[in-house]
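# Structural description and commentary
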Amino acid sequence: ALSDRTPAMADQSVSEMRQRFLTEHQASADFDSRDVDRVRSDDAYLMRFIRHRKGNVNNAYETLVKCLKWRKTFCVNDLSEATIDRRYFEMGIGYVHSEDKKGNPLLILNIRLHKKNAQTLPEFKRYVVYCLEKQVWHGWFHLSIYLAFLFHFS
């Protein structure tokens, strides 16, 4: 089990995953260079994938590759308040507020405020990804393993 792993085993898993990725994909155009830099330097980032796949490094590696390809396709690293429709911020559709009962950051998404239609759905997705990304790298989530969601529909 993942909880039975020693710090040395975790370090070895991270090193193995990093080395495999850099050997197979370092010069690949399939990934954003900022994400490749993160793989190169951020042990905690790689450990999230290993934890998510319950210590299975091969599965974690496959998840990492899929995730980083999606991040490039979605232009996640280029999302900012300046690149997203200002109305989403003004409406207060998504924000972090306090913690859940276990002390994890709580991201509240007021889905009821979003008017669903084919024209606004892509921008809404960009907004939600931006909120998540902001919390992962600049908010409370970087201090925690989990992020709790509250979807408010009424």
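## Some details on the nonpolar core
Most often, soluble globular proteins have nonpolar side chains that are buried together. Ranked by internal contacts, the top residues of the largest apolar core, which has 19 residues, are M17, F21, L46, L64 and L68. Taken together, the elements giving at least two residues each to this core come down to helix 1 (7-25), helix 2 (33-41), helix 3 (43-52) and helix 4 (57-74). Among the elements that make up this core, the one with the highest residue count is helix 4 (six residues). Not counting chain neighbours up to four residues away, the residues in contact with M17 comprise L46, F49, I50, V57, A60, Y61 and L64. Counting residues in each nonpolar core, the second largest holds 14 residues, with L79, L109, F124 and Y130 among its members.

## Description of the side chain of T63
By the element assignment, T63 lies in helix 4. A relative accessible area of 17% means that T63 is categorised as buried. A polar side-chain atom of T63 sits 2.9 Å from the main-chain carbonyl oxygen of N59. Aside from chain neighbours lying at most four places away, what touches T63 is F49, H52 and R53.

Each value, and the rule that gives it
Residues numbered from 1 in each chain as written. Predicted model: local features only at pLDDT ≥ 70, side-chain atom pairs only at ≥ 80, totals over all residues. Heavy atoms only, no water. Core = buried A, V, L, I, M, F, W, Y, C linked by side-chain atoms within 4.5 Å. Buried < 20%, exposed > 50% of the residue type's maximum accessible area, 1.4 Å probe, protein only. Helix = DSSP H or I, 4+ residues; strand = E, 2+ residues; numbered from the N terminus. Contact = heavy atoms within 4.5 Å. Polar contact = N/O pair within 3.5 Å; in protein donor to acceptor, adjacent residues only side chain to side chain.

Nothing here speaks to function; it is all geometry.
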